[in-house]
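# Report on the structure
This is what each chain is made of:
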Amino acid sequence: MARPERVENFGVDRAGWRGSQVKKKPGTAGSGSGRRKGKLDVSHGVPSCGETEESTAWAALRGASVAWDKASGQCLLAICLLAILSAGHKCSGYRGRYDCLVASRPRDLITALTKRGFDVQYLSHAKAILTSEFASQLDELAGVLADLSLPITEIIGSGGGETRFTQRTRIALAELGWRKHNFVVSKTIDGVERESTSHEVDHVRSVSMVGTIGCEIEWNNKDPFFDRDLENFKRLHAEGAISVGIIITRGLTLQASLWDFVRRFATERRIVDFDSLAAVGVIPTPKQKSNIRQRVERARGPVDFANAWADNFVTNKFGAATTHWEKLQARVARGVGNPCPLLHIGLPSSIVVFDDAVVEQLEEPDSPTAAL
């Protein structure tokens, strides 16, 4: 009479994982050491999973096979994990005392902004920190960025100091608790303060018992301000004052599109000379007028007025030496700010809208200044 196969249980009852190990009859192929297969039964102790009670992930798990390696004693569950992930399963509740096998992925609305053209860069585990410890604050920031709108007339009218665009952005953040703060780090010996340094950050968001986020907006500043911001974040992080640093600046597409935007403005407003330029509210400085006139009136290869003005405008206000994404990336490549966790955000060209308003020109210097 044939000898029956012997079955051994290698399930872990406490976690609700049950299985069986089948032993071959002596002398049959595959007996002895090596890999033997059992069935994974997750019908016992399966956590409740919200609206999609009969998740396709769990259905896949019920029929999944698990390979048991007798030699190493390790259970290879990759096929089970793949079944869960491929079904996009999200567990919303629990049953009894069993933990959910797959947790919901943390939301990251900042990365979702890349679909609108935003440049997003996480460094030194900043994504893990922000999405897990500062999820609500990350949503606040994403909400402000998603609502950004920059009229072309504000680009044309921008000058030294804060622009209306940056003022609106700052106010929106401040209303959500992202306010200016001056960090003071001092060294004390026997009760006597020997040295003290301060670091002002334009937007700081603190969460009790969790940590603090520092954020700077560099809309149109001189590019060395990136070094200042990154080094400040590095020092503050080393002192335990902040958990993550954030920098917001002009993105790749916005920087690359500025000349086209300005030239389109000139075409739509029919700008052909200084008088038509003044009619829409734009009056260049004497130096700018001289440079434009030289290019327009030169004997060899004269330049169209609108092109000459657009060239001069973009070079003066948004030139290569100002704060934008490529300049920030140059600092990243050199390791400036490392190892502070950082989030960098580049504003896209999609935030620019063409309006019919008259340009309200702010005071305009001949070279970029601290214009945020």
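Summary of the structure given here. In this text, all values refer to a predicted model and were calculated from it rather than measured experimentally.

### A look at the nonpolar core
Core analysis: the biggest nonpolar cluster contains 54 residues, and Ile-110, Leu-145, Trp-309 and Leu-347 have the highest contact counts within it. Per-element accounting of this core gives the leading share, 8 residues, to helix α12 (residues 305-318). Not counting residues up to four positions away in its chain, the partners in contact with Leu-347 are Phe-118, Leu-145, Leu-148, Phe-165, Trp-219, Ile-248, Thr-249, Arg-250, Gly-251 and Leu-254. The next biggest cluster of nonpolar side chains, apart from the first, holds 14 residues, and it includes Val-201, Phe-226, Leu-230 and Trp-325.

### Considerations on the pattern of salt bridges
Applying the stated rule across the entire model yields 14 salt bridges. A salt bridge links Arg-168 to Glu-154; the nearest nitrogen and oxygen atoms lie 2.7 Å apart. In this pair, Arg-168 sits in helix α7 (residues 164-175) while Glu-154 sits in helix α6 (residues 152-157), placing the two residues 14 residues apart along the sequence. Residue Glu-154 is classed as buried on the basis of its relative accessible area of 19%. The closest approach of N and O atoms between Arg-164 and Glu-360, which form a salt bridge, is 3.1 Å. Of the two residues, Arg-164 is situated in helix α7 and Glu-360 in the segment after β13 (352-353); the sequence distance between them amounts to 196 residues. Shared partners join several salt bridges into a network, and the residues in it are Asp-223, Asp-227, Arg-331 and Arg-334.

### Remarks on the side chain of Thr-323
For Thr-323, the position within the fold is in the loop between α12 and α13 (325-334). Those residues in contact with Thr-323 that lie beyond four places of it in its chain are Glu-218, Trp-219, Asn-220, Asn-221, Lys-222, Asp-223, Phe-226, Thr-249 and Arg-250.

### Brief notes about the sheet that holds strand β8 (residues 179-189)
Taking strand neighbours across the sheet as the criterion, the 6 strands line up as β6-β12-β11-β10-β9-β8 in an open arrangement whose pairing is mixed. With one partner strand each, in any of the chains shown, β6 (119-123) and β8 form the two edges of the open sheet. Going across the sheet, the axis of each strand differs from the next one's by a mean of 30°, ignoring polarity. Here strand β11 (residues 244-250) runs beside strand β12 (residues 342-347); their pairing, made up of 6 bridges, is parallel. By the bridge assignment for β12, Thr-249 is matched with Gly-346.

### Comments concerning the packing of helix α9 (residues 252-268) against α12
Two elements in contact, α9 and α12, have axes separated by 9 Å at closest approach and are oriented at 140°. Comparing their axes, α12 and α9 come out oblique. Along this stretch, α9 crosses α12, giving a crossing that reads as right-handed. For the pair α9 and α12, contact is made by Gln-255, Leu-258, Trp-259, Val-262, Arg-263, Phe-265 and Ala-266 and by Ala-306, Asn-307, Trp-309, Ala-310, Asp-311, Phe-313, Val-314 and Phe-318, respectively. Looking at the contact of α9 with α12 residue by residue, the class counts come to 11 nonpolar, 2 polar and 2 charged.

### What to know about α9
Helix length check: α9, at 17 residues, gives a terminal C-alpha distance of 25 Å against a target of 24 Å (1.5 Å per residue), a fit within 8%. For α9, the principal kink sits at Leu-258 and spans about 45°. Among the residues of α9, Leu-254, Gln-255, Ser-257, Leu-258, Phe-261, Val-262, Phe-265 and Ala-266 are the ones counted as buried. Looking at the buried side of α9, the elements it contacts are α6, β11, α12, β12 and β13. Of the residues flanking the end of α9, it is Arg-270, one or two places downstream, whose phi is positive at about 55°.

### Digging into the pairing of strand β9 (residues 192-207)
When β8 meets β9, the two strands line up antiparallel, connected through 10 bridges. Considered in β9, the bridge of His-181 is made with Val-201. Between the antiparallel neighbours β8 and β9 lie 2 residues, among them Asp-190 with a positive phi of about 50°. Here 5 bridges tie β9 to strand β10 (residues 211-218), and the two strands are oriented antiparallel to one another.

### Observations concerning the packing of helix α11 (residues 286-297) against α12
Closest axis-to-axis distance for the α11/α12 pair is 9 Å, and the angle between their directions is 140°. Taken together, the axes of α11 and α12 lie oblique to each other. For the pair α11 and α12, the crossing hand works out as right-handed. Contact residues: Gln-288, Asn-291, Ile-292, Arg-295 and Val-296 in α11; Phe-305, Ala-308, Trp-309, Asp-311, Asn-312 and Asn-316 in α12. Partitioning the contact of α11 with α12 into residue classes produces 5 nonpolar, 4 polar and 2 charged.

### Considerations on the side chain of Asp-223
Tracing the sequence through the fold places Asp-223 in the loop between β10 and α8 (224-238). Asp-223 sits in the buried class, given a relative accessible area of 12%. Other than its neighbours up to four places away in sequence, Asp-223 contacts Ala-321, Thr-322, Thr-323, Lys-327 and Arg-331.

### Concerning unusual backbone geometry
Between Asn-338 and the following residue, Pro-339, the backbone shows a cis peptide bond with an omega angle of 10°. With respect to the element layout, Pro-339 can be found in the loop between α13 and β12. Residues other than glycine seldom take positive phi values, yet Ser-124 does so here, at roughly 55°. Relative to the elements of secondary structure, Ser-124 occurs in the loop between β6 and α4 (126-133). Its relative accessible area of 28% is what places Ser-124 among the partly exposed residues.

Rules used in this analysis
Residues numbered from 1 in each chain as written. Predicted model: local features only at pLDDT ≥ 70, side-chain atom pairs only at ≥ 80, totals over all residues. Heavy atoms only, no water. Core = buried A, V, L, I, M, F, W, Y, C linked by side-chain atoms within 4.5 Å. Buried < 20%, exposed > 50% of the residue type's maximum accessible area, 1.4 Å probe, protein only. Helix = DSSP H or I, 4+ residues; strand = E, 2+ residues; numbered from the N terminus. Contact = heavy atoms within 4.5 Å. Salt bridge = Lys/Arg side-chain N within 4 Å of Asp/Glu carboxyl O. Pairing = 2+ DSSP bridges. Axes fitted to C-alpha atoms, helices over the stretch in contact; angles between N-to-C directions. Parallel < 35°, antiparallel > 145°, perpendicular 65-115°, else oblique. Left-handed = near helix turned anticlockwise from the far one by under 90°. Nonpolar A, V, L, I, M, F, W, Y, C, P; charged D, E, K, R; others polar. Expected span 1.5 Å × (residues − 1). Bend = angle between axes of the 7 residues up to and from the residue.

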